[in-house]
Amino acid sequence: MKSRSPVFSEKPERYGQCICPDLGVVVRAGVVKIRAAAHGEYQGVKIPGTVLPELHTAGYWDVPNEQTWGLDWHRNEGIEFTHLFSGKLGFAVEDKSFSLRPGQWTITRPWQRHRVGLPNVTASRLGWVVLEFGVLRPNQPWIWPQWILLTADERKRLSTLLRHDERPVWNQDPAVTEAFKRIAKAAESAAKEFDRTGMALAINELLLAILRSLERQNIPQDESLTSSKRAAELFLGQLPERVDEPWTVELMAEHCGLKRSRFTSYCQELTNRTPAQYLNHCRVKAAARLLREKPGMPIVEIAMECGFSSSQQFATTFRRIKGVAPSDFRSAGKRV
């Protein structure tokens, strides 16, 4: 997914490709080496469009020195697996930060907001695979690529383990490391000719190694992580980042894969507000921040930026929630 700056600096992050302009600059300058095969805008040799379409990117980077950039907060459209071959690397998922050590590997799902580098990338060799299973929400069933060779039972067991335990960082496992090494070799060969079979086999080996590693650890399972209520909770938590979109209650419910009535019930339970009330609360909170942080920004632009259909609707809603007009709120901030 595209790596975006925090809310209001430009646009908040969305699901998609993690693209760091600074990374492209240092790769072209030869400061950082990347060997990867990829679809879309990811760095690396482009995979033909109809070949392994569910594979977004696979490869590694080799960073010899500390950098002045990092991958900002983002969410991927696919499940991301990474492995640190050497060096140390800062890594964060939601509210938890880690200092990855050689041999550790990570798993992040599309609904898990994460970043690499705290704030900057350090000397490291990092391998990765981003693979799409047709899910953006934790309550959706997985759609496995046809080229994944695991048996139906193995697929079910692995998807259950990955859905019912969301810890992001795992300790060294020799089989996982070997699979990532094979993926790295397949990525290196892509510069000459993309080896579809070699890459597919390496990724299959990785998934099987991950399954066996997780099963050996006898992980406690939490089925609530895949509940429809949690899907609503995650969406409501992300809504403040997406106030500019033309939401209706139906669209919000659809985004969660829920009926309007069920979504409304969850929203009331989780926020003590109706969906419309909660959306207006988020929009007004966003507008209040802009009024304070951007004193030169016209109020009508703030209204549009925060998803209001008109300045009149903005003024009415803002006064109802904050008790003052937007202009008075801004003036009071200036006097503080």
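Conventions and cut-offs
Residues numbered from 1 in each chain as written. Predicted model: local features only at pLDDT ≥ 70, side-chain atom pairs only at ≥ 80, totals over all residues. Heavy atoms only, no water. Pairing = 2+ DSSP bridges. Helix = DSSP H or I, 4+ residues; strand = E, 2+ residues; numbered from the N terminus. Contact = heavy atoms within 4.5 Å. Axes fitted to C-alpha atoms, helices over the stretch in contact; angles between N-to-C directions. Buried < 20%, exposed > 50% of the residue type's maximum accessible area, 1.4 Å probe, protein only. Parallel < 35°, antiparallel > 145°, perpendicular 65-115°, else oblique. Salt bridge = Lys/Arg side-chain N within 4 Å of Asp/Glu carboxyl O. Expected span 1.5 Å × (residues − 1). Polar contact = N/O pair within 3.5 Å; in protein donor to acceptor, adjacent residues only side chain to side chain. Core = buried A, V, L, I, M, F, W, Y, C linked by side-chain atoms within 4.5 Å.

## Some points on the sheet that holds strand β3 (residues 45-46)
Read across the open sheet, the seven strands follow the order β3-β2-β4-β11-β6-β9-β12; overall the sheet is mixed. Edge positions in the open sheet fall to β3 and β12 (169-170), since each of these has one partner strand only. Across four bridges, strand β6 (residues 79-87) lies against strand β9 (residues 105-108) in antiparallel orientation. By the bridge assignment for β9, H83 is matched with W105. Its contacts with the sheet place helix α4 (residues 196-216) against β2 (33-38), β4 (55-63), β6, β9, β11 (124-131) and β12, and it is angled at close to 95° to β11.

## Description of the environment of T177
In this structure, T177 sits in helix α3 (residues 174-189). Owing to a relative accessible area of 11%, T177 belongs among the buried residues under this scheme. On a C-alpha basis, the gap between T177 and S97 in space is 22 Å, while along the polypeptide they are 80 residues apart. Contact partners of T177, with chain neighbours within four places excluded, come to H83, F85 and Q172.

## Some remarks on the packing of helix α8 (residues 275-293) against helix α10 (residues 311-322)
Contact pair α8 / α10: the axes reach a minimum separation of 10 Å and the direction vectors enclose 95°. Here α10 runs roughly perpendicular to α8, going by the angle between their axes. When α8 is examined against α10, the residues N280, H281, V284, A287, A288 and L291 are found in contact with a partner set consisting of F314, T317, F318, R320, I321 and K322.

## Here we look at the pairing of strand β5 (residues 71-76)
Within a regular strand, the side chains alternate between the two sheet faces. The element β5 is extensively covered by neighbouring structure, given that six of its six residues are classed as buried. Here β5 pairs with strand β10 (residues 114-116) via two bridges, running antiparallel. When the bridges of β10 are listed, L71 appears paired with V116.

## Quick notes on the pattern of salt bridges
For side chains of opposite charge, pairing can occur when their charged atoms come near one another. For the structure on display, the rule yields twelve salt bridges. Notably, a salt bridge pairs E269 with K229, separated by 2.5 Å at the nearest N-O pair. Highlighted residues: E269 in helix α7 (residues 260-271) and K229 in helix α5 (residues 228-238), separated in sequence by 40 residues. In this structure, E250 engages R260 in a salt bridge whose closest nitrogen and oxygen atoms are separated by 2.2 Å.

## With respect to α4
Given 3.6 residues per turn, any residue in an α-helix points the same way as the ones three and four places further on. When the terminal C-alpha atoms of α4 are compared, their 30 Å separation across 21 residues agrees well with the 30 Å that a helix rising 1.5 Å per residue should span. What α4 keeps buried is the set M199, A200, A202, I203, N204, L206, L207, A209, I210, L211, S213 and L214. N-cap assignment for α4: the residue whose side-chain oxygen lies 3.4 Å from the backbone N of T197 is D195. Following α4 by one or two positions, N218 adopts a phi angle in the positive range, close to 50°.

## Some details on the nonpolar core
In this structure, L55, M199 and I203 are the most contacted members of the largest nonpolar core, which totals 44 residues. Mapped by element, the contributors of at least two residues to this core are β4, β6, β9, β11, α2 (152-163), α3 and α4. Counting residues per element, this core draws most heavily on α4, which supplies ten residues. Setting aside chain neighbours within four positions, we find I203 in contact with L55, V129, L131, W147, I148 and I183.

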